[in-house]
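Each chain, letter by letter, is given below.
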Amino acid sequence: GIQVEQSPPDLILQEGANSTLRCNFSDSVNNLQWFHQNPWGQLINLFYIPSGTKQNGRLSATTVATERYSLLYISSSQTTDSGVYFCAVEYGGNQFYFGTGTSLTVIP
Amino acid sequence: DGGITQSPKYLFRKEGQNVTLSCEQNLNHDAMYWYRQDPGQGLRLIYYSQIVNDFQKGDIAEGYSVSREKKESFPLTVTSAQKNPTAFYLCASSIGIDTQYFGPGTRLTVL
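Keep in mind it's a predicted model, so treat the numbers as computed, not measured. (Residues numbered from 1 in each chain as written. Chains lettered and ligands numbered in written order. Predicted model: local features only at pLDDT ≥ 70, side-chain atom pairs only at ≥ 80, totals over all residues. Heavy atoms only, no water.)

Novice: So what's going on with the interface of chain A and chain B? Which residues, and what values?
Specialist: Between chain A and chain B, the residue contacts involve 20 residues of the former and 23 residues of the latter. Together, the buried faces of chain A and chain B total about 1,700 Å²; carbon and sulfur atoms form 53% of this surface. Of all residues in chain A, the largest losses of buried area upon contact with chain B belong to A:Asn94, A:Phe96 and A:Phe98, amounting jointly to 30% of the total for that side. Mapped by element, the contributors of at least two residues to the side of chain A that touches chain B are β4 (31–37), β5 (43–48), β9 (83–90) and β10 (96–98) of chain A. Of the residues assigned to the side of chain A that touches chain B, the class counts are 8 nonpolar, 11 polar and 1 charged. (Contact = heavy atoms within 4.5 Å. Buried area = accessible area lost by both parts, 1.4 Å probe. Helix = DSSP H or I, 4+ residues; strand = E, 2+ residues; numbered from the N terminus. Nonpolar A, V, L, I, M, F, W, Y, C, P; charged D, E, K, R; others polar.)

Rendered as C-alpha cells:
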C-alpha cells in the first residue's frame, strides 16, 4: 500500500500567525485533496490539487507530484481555523488513503 | 439544499447486534464511500461504490456489509462479526474520483 505522512502532528498558533502543513506520500498518486475537520467531526474539502498551486482566500496549497509532497499554507490564522487538517491521496484506482492529520489550535 | 445526510447522529448497540447506518445524497453523484475514523486517527475506507448495484471492498471491510440499490442511498450494516465497531463513521460521495463531499457522520458506541 501507500504511506501518507503528515507533519507536524500538532500545532498551536497565536491568532494572526502563519503556518505550513506538510503531506508526504510514498508513491505516485493520481489525485490529492486537503480537508479540514471541525471540532464536530464535519469534513470540508479545501483543495483538489494533484499538482501545482491553488489559492482560496487565506489558504493556499502546492503539490509537487514528482517529489511526492504537498503543502498547505494558512495565513493570518483565525480561531475558526482550529481543527484537524487531513490530506488524502488517490492510489490504486478509486480508493483514497488519508494521512493521520495535523491538529491545529489557534488561540486568541 | 443539496448535500449528504447521515442518520442517526449517535447510535448505541449491544454486543452481538447488527445495526444499519443510513447515508443519502441528492448531489446526483455516481460514487459513494464509507469510512471509519478512530480517535486521533485518519479515515480508513470500508466500502465504496462507483455505480448502482456495484460496490468494492476497502481496506477494512471485514465485519461490514453494504448495498447500493439506488443512486441516492448507500447504507452500511455493522454486523456482529465486527469485533471493535465503536468508531465515527463517515459517508462521502463524489463525481467519479474527483472531489469528495462528506456527510456529518454517525458515532457508534457498543455497550
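Structure's up, so let's keep going.
Novice: Give me the pattern of salt bridges: which residues, what numbers.
Specialist: This structure, assessed with the given rule, holds 4 salt bridges over all chains. When the shortest N-O distance is used, the salt bridge between A:Asp81 and A:Arg58 registers 2.9 Å. Highlighted residues: A:Asp81 in the loop between β8 (69–74) and β9 and A:Arg58 in the loop between β6 (52–56) and β7 (59–64), separated in sequence by 23 residues. The residue B:Arg44 makes a salt bridge to B:Asp38 at a minimum N-O spacing of 2.8 Å. Taking the relative accessible area as the measure of exposure, B:Arg44 reaches 39% and is therefore partly exposed. Look at B:Asp38 and you get buried, because its relative accessible area is 15%. One continuous salt-bridge network, built from bridges that share partners, spans B:Arg36, B:Asp38 and B:Arg44. (Salt bridge = Lys/Arg side-chain N within 4 Å of Asp/Glu carboxyl O. Buried < 20%, exposed > 50% of the residue type's maximum accessible area, 1.4 Å probe, protein only.)

Novice: Quick one: what's the story with the sheet that holds strand β7 (residues 64–66) of chain B, residue by residue and with numbers?
Specialist: Residue and element names in this part refer to chain B. Strand order in the open sheet formed by 4 strands is β1-β3-β8-β7, and the pairing between neighbours is antiparallel. Where the open sheet ends on each side, the last strands, each with one partner, are β1 (4–7) and β7. Neighbour-to-neighbour, the strand axes of this sheet turn through a mean angle of 20°, independent of strand direction. Pairing of strand β3 (residues 19–25) with strand β8 (residues 76–78) involves 3 bridges; the strand directions are antiparallel. Bridging from a neighbouring strand, Thr20 pairs with Thr77 of β8. (Pairing = 2+ DSSP bridges. Axes fitted to C-alpha atoms, helices over the stretch in contact; angles between N-to-C directions.)

Novice: Report on a nonpolar patch on the surface, specifying residues and quantitative values.
Specialist: Together, B:Tyr10, B:Phe12 and B:Leu111 line one region of the surface with nonpolar side chains, adding up to about 390 Å² of accessible area. With respect to the secondary-structure elements, B:Phe12 resides in strand β2 (residues 10–13). (Patch = residues over 30% accessible without salt bridge, like charges linked within 9 Å, V, L, I, M, F, W, Y side chains within 5 Å. Areas by Shrake-Rupley, 256 points an atom, 1.4 Å probe, with all protein chains shown as cover.)

Novice: Any chance you could break down the pairing of β5(A) for me, citing the residues and the numbers?
Specialist: Residue and element names in this part refer to chain A. Note that β4 and β5 share 5 bridges and pair antiparallel. Residue pairing for β5: Gln33 is matched across the bridge by Tyr48. Where β4 folds back on β5, the antiparallel hairpin that results is connected by 5 residues, among which Gly41 adopts a positive phi of roughly 100°.

Novice: Go over the nonpolar core with me, naming the residues and quoting the values.
Specialist: In this structure, A:Trp34, A:Leu72 and A:Val89 are the most contacted members of the largest nonpolar core, which totals 23 residues. Contributions of two or more residues to this core are made by β2 (10–14), β3 (19–25), β4, β5, β7, β8, β9 and β11 (102–107) of chain A. In contact with A:Leu72, other than residues within four places in its own chain, are A:Ser19, A:Thr20, A:Leu21, A:Trp34, A:Leu46, A:Phe47, A:Ser60, A:Ala61 and A:Tyr85. Among the nonpolar cores identified, the runner-up in size contains 20 residues, and B:Cys23, B:Ile46, B:Ile60 and B:Tyr64 belong to it. (Core = buried A, V, L, I, M, F, W, Y, C linked by side-chain atoms within 4.5 Å.)

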